[in-house]
Amino acid sequence: MIWSDIYKELSARILNMRQMIDSLGELSPELAEELRTVPEVRYIDLWHEQTEYLAEELPFPTPAVFIGFNTLETADIGALAQDIRLQVDLYIFWETFADTYDGAVMQTEALDYLNLMTVLNVLLHGYTGNKFSTMRKTGFQRMDSGGAGNLYRASFECIVRDYSAQELAVVTDMLNKDIVATPVNEMPEQPGDGMPLYDV
């Protein structure tokens, strides 16, 4: 199914970010060191305001990325088929007490959060998926986390060509048909003189 396929592809790309970092070629020693300390994403889920209900939610490790989908526009391209201008939101959450101010004891660890968001942008901006067109970043903003964690939203846009209603309509239509199979030896005789209707 199209939405679960998109979710799984994005999740796999994010979880495999270390492979992407390791495959980068000629890097300055400073940049290589910064990328080496970028934390792994430890949890991915669909977004449903988990950070607002941390006391009630099942605990999850951080850094965590939550994925949300929003339709911005649709265009019909045929019977039950559509092009969808899709917004993909990544909610990047990191529960930490590290501070970013100059002289903070854990400033480097706190700044790694910003580097993580840079890596996620590199992973998705310009990426073309199996079920969606090339993504482009359209927004980046701080969100209220409801607690001690950092929460930012990075938004991307792409086009999804959705044939799912068309495909399921054919399956559903066939479910309502009475199909009778007749064994070959019980087939009725050809009408007329038994000659074929057409010369081939």
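Rules and cut-offs
One numbering rule holds for all chains: residues counted from 1, following each sequence as written. Only residues with pLDDT of at least 70 are given local features in this predicted model, and only at 80 or more are side-chain atom pairs given and counted; all residues enter the totals for whole chains, interfaces and linings. Water and hydrogen atoms were dropped before computing side-chain values, which therefore reflect all heavy atoms in the structure. DSSP calls a pair of strands paired once it identifies at least 2 bridges connecting them. Helix and strand definitions here come from DSSP, where helices need a minimum of 4 consecutive H or I residues and strands a minimum of 2 consecutive E residues; each element is numbered from the N-terminal end. The axes used here are C-alpha line fits, helices contributing only the stretch in contact, and every angle between their N-to-C directions lies in the interval 0 to 180 degrees. Contacts between residues were defined by any pair of non-hydrogen atoms, one from each residue, lying within 4.5 Å. Each residue is assigned to one of three classes by its accessible area relative to the maximum for its type, calculated with a 1.4 Å probe on protein chains only: buried under 20%, partly exposed between the two thresholds, exposed over 50%. Whenever a nitrogen or oxygen atom comes within 3.5 Å of another N or O atom, the pair is scored as a polar contact, on the condition that within protein one atom can donate a hydrogen and the other can accept it, and that pairs from neighbouring residues in sequence are kept only if both atoms are in side chains. Each angle receives one of four descriptions, namely roughly parallel if under 35 degrees, roughly antiparallel if over 145, roughly perpendicular if within 65 to 115, and oblique otherwise. Less than a right angle of anticlockwise turn of the near helix away from the far helix marks a crossing as left-handed, whereas a clockwise turn marks it as right-handed. Nonpolar residues are Ala, Val, Leu, Ile, Met, Phe, Trp, Tyr, Cys and Pro. Charged residues are Asp, Glu, Lys and Arg, and all others, Gly as well, are polar.

Enquirer: Looking at this model, I keep getting lost on the sheet that holds strand S1 (residues 43-46). Mind explaining?
Expert: Backbone-to-backbone hydrogen bonds join strands into a sheet, with any given pair of strands oriented parallel or antiparallel. If you walk across this open sheet you meet the five strands as S1-S2-S3-S5-S4, and the pairing is mixed. For this open sheet the edge positions go to S1 and strand S4 (136-142), each flanked by a neighbour on one side alone. On average, each strand axis in the sheet is tilted by 25° relative to the strand beside it, whichever way the strands run. Summarising the sheet, S1 and strand S2 (residues 64-78) pair through four bridges and their orientation is parallel. Of the residues in S2, the one forming a bridge with tyrosine 43 is alanine 64. Along the sheet, helix H1 (residues 2-15) makes contact with S1, S2, strand S3 (81-95) and strand S5 (149-162), crossing S2 at roughly 140°. Its contacts with the sheet place helix H4 (residues 107-124) against S2, S3, S4 and S5, and it is angled at close to 165° to S3.

Enquirer: Just checking my understanding: could you explain the side chain of serine 11 for this structure?
Expert: With respect to the helices and strands, the residue serine 11 is situated in helix H1. Since its relative accessible area comes to 9%, serine 11 is described here as buried. Of the polar contacts made by the side chain of serine 11, one reaches the backbone oxygen of tyrosine 7; its length is 2.9 Å. If sequence neighbours within four positions are ignored, serine 11 has contacts with Ile44 and Ile67.

Enquirer: How should the packing of H1 against H4 be read in this particular structure?
Expert: Angle between the axes and distance between the axes: these two values describe a pair of packed helices. Where H1 meets H4, the closest approach of the two axes is 10 Å, and the angle between their N-to-C directions is 130°. Classified by the angle between their axes, H1 and H4 sit oblique to one another. Between H1 and H4 lies a crossing whose hand is right-handed. Two secondary-structure elements touch here, H1 through Leu10, Arg13 and Ile14 and H4 through Leu120, Leu123 and Leu124. Of the residues contributing to the contact of H1 with H4, the split by class is five nonpolar, no polar and one charged.

Enquirer: Even after reading the chapter, I still don't get unusual backbone geometry, so can you show me in this structure?
Expert: Glycine aside, residues mostly have negative phi, and peptide bonds are mostly found in the trans state. In this chain, threonine 62 is followed by proline 63 through a cis amide linkage whose omega measures 5°. As for its position among the elements, proline 63 is in the loop between S1 and S2. Although it is not a glycine, glutamate 49 adopts a positive phi angle of roughly 60°. Considering the arrangement of structural elements, one finds glutamate 49 in the loop between S1 and S2. According to the relative accessible area criterion, glutamate 49 is partly exposed, its value standing at 35%. A positive phi angle, near 60°, is found at leucine 80, a position not held by glycine.

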